[in-house]
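Close look at the chain arrangement
One letter stands for each residue in the lines below.
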Amino acid sequence: MVGTQINGRRLSFGVVNGGHDLGPSSTPPSNAGSDYGSFIEFTREDVETLLNEKSKRKDRFNYKERCENMIDYIKRLKVCIRWFQDLELSYSLEQEKLKSSLELSQQKCMEIELLLKIKEEELNSIITEMRRSCTNLQEKLVKEETDKSAAMESLIKEREARLDFERSQTTLSEDLGRAQRELQTANQKIASLNDMYKRLQEYITSLQQYNGKLHSELSSVEGELKRVEKEKATVVENLTMLKGQLTLSMASQEEATKQKEAFSSEVASLRVELQQVREDRDRQISQVQTLSTEIVKFKDSTEKSGSELNNLTMKTNELEAKCTLQDNQVKELQEKLTIAENKLEVCDISAIETRTEFEGQQKLVNELQRRLADAEYKLIEGEKLRKELHNTILELKGNIRVFCRVRPLLPDEGCSTEGKIISYPTSMEASGRGIELAQNGQKHSFTFDRVFAPDASQQEVFTEISQLVQSALDGYKVCIFAYGQTGSGKTYTMMGRPGHPGEKGLIPRSLEQIFQTRQSQQPQGWKYEMQVSMLEIYNETIRDLLSTNKSSSDATRVENGTPGKQYTIKHDANGNTHVSDLTVVDVQSVKEVAFLLNQAANSRSVGKTQMNEQSSRSHFVFTLRIYGVNESTDQQVQGILNLIDLAGSERLSRSGSTGDRLKETQAINKSLSSLSDVIFALAKKEDHIPFRNSKLTYLLQPCLGGDSKTLMFVNISPDQASAGESLCSLRFASRVNACEIGTPRRQTNGRPTESRLSYF
């Protein structure tokens, strides 16, 4: 419901429209609605109701009432448009605010990410340093392990030497036992050897105690390594390996102890056998001398063993010093590890806080993006409604719509040093509709229904006129023509570039849309018949481009000689135009029309000038007549689509035309001048409009002064040398846009009795 809040009450749409509901018996509304224009709020349903509103009158010939109703309706449309403009401005302001806040949020996010990267680098450096320390510790442990393995090897050698000594001592004891009673000297020597053996056992016992001390120290180191192992997984693995190796060494030492006990038991058994050996005393006396020499050798070996034991003692002291140093290093590394873990915890806390802040900012950014998307959607919807309202006003006024298209600069035109002569305003009101041309230091501004920049594609241009083409199927007369100087891109706009499907012009795209819509409306009961005709106006002479009589068409091109077929233009009382003897072809598909277009293009008059390699030397008119009938509702429509490519205006000083080209240029300029006279007369609303001054204006009479929907493309060249011609074209287009030709009328009558439909 459309209304406004005034003094606690909400006015209905009828009150806004002047205090009267538009019903069958309502009186003409007053202008009271303008008093509430600044407070009105509209919805889509209200706008559609306003657009679809139909004024019902008792007396259809009461023109005063019709004018008042129309004026009031236009005022209400203006109020609605003004409200949409204000709404569009507010949306644009809100969009700018959202964009600025989005940029600030993105900047904050970037700063937060930078801080996170810096902290991450610091943590990585700390972790790298810790890894280096652990690697150094591992290397030192490996070195200590190798030293310990070397010491163990030396101890094993000493044990082997001791075992050898024990074996030899056992042998000597046996020998001395046998000779105890017979040789006192041998007994004394054996006793001394026993004393020496005892001393060696005591020394071995001390070594075992010292080894146990080393084992206890290793156990303490093992415990410390276990604690380090709990804090750092990598250190644990290395210490576990060391523990395993130490366990192996302890196991080997225990095995050596067991072997010693076994040897002691063997000594006891040997002592038992000593009695038996004594019986062999006599036999051993001869060996006393040998034993004496062996004792001397044994003494020598004992001295060597003592020196080796001294060396082992020194190595053991060195290992103890290294273990102490290693313990200190392990403690230092533990302290560093604790400090690093504390720093890591602090960094983790700060990272969590930063991530929380970042997530909050991300949510804010997402919300802003969502609001921005909503605002853009509302802006697009408002723009669509503005276009619909604008088109409705133009149809009610009967104005000729004008689109401006600027072609790109050619390669030989891009070297100009004077800069660009064409610019486009960026304000909200003129965006996409305004164009500015600079000449001699002065800027000229123009506003049209749509302005296409050089980068606009053929599809973008056709999208803007697609609804107008659709009107031909709905039963309206539609006329689209291209105007501009030679080389400004008129033929490219209308026909496109042959052999490039992506650059098809308005005529091929319009035909594709019409045939596709025809196919889609068949299930609804609609059936269409379509006819095509094509002609050109060359030197004020009409030529049939689809005529199969080549001799006749060729004769029309000869000015001196037997004249060919003459074509006359006739207008009937209903505003329809007929061209006598013009070829009309029934078509059923786009391919058939494309074939006819190719045939017409080969027959059209083109020539080379200094301004264009292939300049169109005639006005080309393509007409598609549409007759539709709905078998279920018996509704009939008759529409006409006229697509016209006018010849380009040119100056003789620039084109360099001579001979036949000079005559063609003069004829083209004369017909375009007549078109300008007609536009001036329509703009001034003169009683007499000079349509008969040329064949072109007489043929366009229904489009310029009838009830058809008309659109003109003004094509502009951005070249500096063409600034004068471009300014003239823009001024002419501005006058065309101001002309009012009448309200379009839909033709729903039956098909005429003639075989051809009306032309215009």
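Residues numbered from 1 in each chain as written. Predicted model: local features only at pLDDT ≥ 70, side-chain atom pairs only at ≥ 80, totals over all residues. Heavy atoms only, no water.

Under the annotation held in an unreviewed UniProt entry, the protein carries the name Kinesin-like protein KIN-14N and is attributed to Cicer arietinum. What UniProt records for the protein under Sequence similarities (unreviewed entry) is the sentence "Belongs to the TRAFAC class myosin-kinesin ATPase superfamily. Kinesin family. KIN-14 subfamily." (UniProt positions renumbered as here; feature names shortened; annotations may be inferred.)

Right, let's talk about the overall build of the protein for a bit. Each helix and strand in the protein was counted, giving 18 helices and 18 strands. Looking at the protein residue by residue over its 760 residues, the buried ones come to 42%. Taking the contacts inside the protein whose residues are at least 6 apart along the sequence as the reference set, 73% of them involve residues at least 24 apart. About 42,400 Å² of surface is accessible on the protein, with carbon and sulfur atoms providing 51% of the total. (Helix = DSSP H or I, 4+ residues; strand = E, 2+ residues; numbered from the N terminus. Buried < 20%, exposed > 50% of the residue type's maximum accessible area, 1.4 Å probe, protein only. Contact = heavy atoms within 4.5 Å. Areas by Shrake-Rupley, 256 points an atom, 1.4 Å probe, with all protein chains shown as cover.)

Turning to the environment of Gln361, a few remarks are in order. Among the structural elements, Gln361 can be located in helix α8 (residues 288–397). Looking at Gln361, the relative accessible area reads 15%, which means it is buried. Along the primary structure Gln361 and Ser105 are separated by 256 residues, whereas in three dimensions their C-alpha atoms are 6.5 Å apart.

Here the focus is the nonpolar core. Core analysis: the biggest nonpolar cluster contains 51 residues, and Cys404, Ile435, Phe448, Leu704 and Met712 have the highest contact counts within it. At seven residues, the largest contribution of residues to this core is made by helix α15 (residues 660–684). In contact with Leu704, not counting residues within four places along its chain, are Ile400, Leu675, Val678, Ile679, Leu682, Phe691 and Ile741. (Core = buried A, V, L, I, M, F, W, Y, C linked by side-chain atoms within 4.5 Å.)

Our next topic: the pattern of salt bridges. Across all of its chains, the model carries 11 salt bridges by this definition. Salt-bridge contacts for Asp374 lead to Arg370; the nearest nitrogen and oxygen are separated by 3.2 Å. Of this pair, Asp374 and Arg370 both sit in helix α8, four residues apart, roughly one helical turn. We classify Arg370 as partly exposed; its relative accessible area is 42%. Here Glu536 and Arg543 are joined by a salt bridge, their closest N and O atoms 3.3 Å apart. Each of the salt bridges in this network shares a partner with another, and the network as a whole consists of Glu367, Arg370 and Asp374. (Salt bridge = Lys/Arg side-chain N within 4 Å of Asp/Glu carboxyl O.)

Most of strand β18 (residues 709–716) is tucked away, with eight of its eight residues classed as buried. Burial along β18 is two-sided: Lys709, Leu711, Phe713 and Asn715 and Thr710, Met712, Val714 and Ile716, pointing in opposite directions, are all buried. Where strand β3 (residues 401–406) meets β18, six bridges bridge the pair, whose relative direction is parallel. When the bridges of β18 are listed, Phe403 appears paired with Phe713. With seven bridges connecting them, strand β8 (residues 477–484) and β18 associate as parallel partners. (Pairing = 2+ DSSP bridges.)

Let's shift gears to the packing of helix α9 (residues 458–473) against helix α11 (residues 506–520). Remark: α9 packs on α11, axes separated minimally by 9 Å, with the N-to-C direction vectors making an angle of 50°. Relative to α11, the element α9 is oriented oblique. The two elements α9 and α11 meet at a crossing, and its hand is right-handed. Contacts between α9 and α11 involve Gln458, Gln459, Val461, Phe462, Ile465, Ser466, Val469, Gln470 and Leu473 on the former and, on the latter, Leu506, Arg509, Ser510, Gln513, Ile514 and Thr517. (Axes fitted to C-alpha atoms, helices over the stretch in contact; angles between N-to-C directions. Parallel < 35°, antiparallel > 145°, perpendicular 65-115°, else oblique. Left-handed = near helix turned anticlockwise from the far one by under 90°.)

Okay, the side chain of Arg625 next. Relative to the assigned elements, Arg625 resides in strand β16 (residues 619–630). It turns out Arg625 is buried and unbridged, and the closest side chain with the opposite charge, Asp586, is 8.2 Å from it. A polar side-chain atom of Arg625 sits 3.1 Å from a polar atom in the side chain of Ser533. (Lys, Arg positive; Asp, Glu negative; His and termini not counted. Polar contact = N/O pair within 3.5 Å; in protein donor to acceptor, adjacent residues only side chain to side chain.)

With the rule as written, the count across this model stands at seven aromatic pairs. When the centroid spacing of 6.3 Å and the interplanar angle of 10° are considered together, the rings of Phe446 and Phe448 count as stacked. This pair shows no difference in class: Phe446 is buried, exactly as Phe448 is. Linked through ring pairs, Phe403, Phe452 and Phe713 together constitute an aromatic cluster. (Phe/Tyr/Trp six-rings, centres within 6.5 Å; stacked < 30°, edge-to-face > 60°.)

The predicted coordinates ought not to be read in detail in places where the model reports low pLDDT. Per-chain confidence: the protein averages 76 in pLDDT, with 74% of residues scoring 70 or above. Taken together, the stretch residues 1–38 has pLDDT below 50 and engages in 60 contacts with residues farther than four places along the chain or on a different chain. Below a pLDDT of 50 lies the segment residues 750–759, which in the model reaches 39 contacts outside its immediate sequence neighbourhood of four places, other chains included. (pLDDT = per-residue confidence, 0-100.)

Turning our attention to the sheet that holds strand β4 (residues 422–423). One open sheet holds the three strands; their spatial order is β4-β5-β6, and the pairing between them is antiparallel. Strands at the two margins of the open sheet, each flanked by one partner only, are β4 and β6 (442–447). The strands that helix α18 (residues 723–737) touches are β5 (434–439) and β6; relative to β5, the one it contacts most, it runs at about 145°.

Here we come to the packing of α11 against helix α13 (residues 590–603). Look at α11 against α13: their axes get within 10 Å of each other, and the N-to-C directions meet at 160°. Relative to α13, the element α11 lies roughly antiparallel. Considering how the two elements wind past one another, α11 and α13 form a crossing that is right-handed. Together, Ile507, Leu511, Glu512 and Phe515 of α11 and Val590, Val593 and Leu597 of α13 make up the contact between the two elements. A breakdown of the residues in the contact of α11 with α13 according to their chemical character gives six nonpolar, no polar and one charged. (Nonpolar A, V, L, I, M, F, W, Y, C, P; charged D, E, K, R; others polar.)

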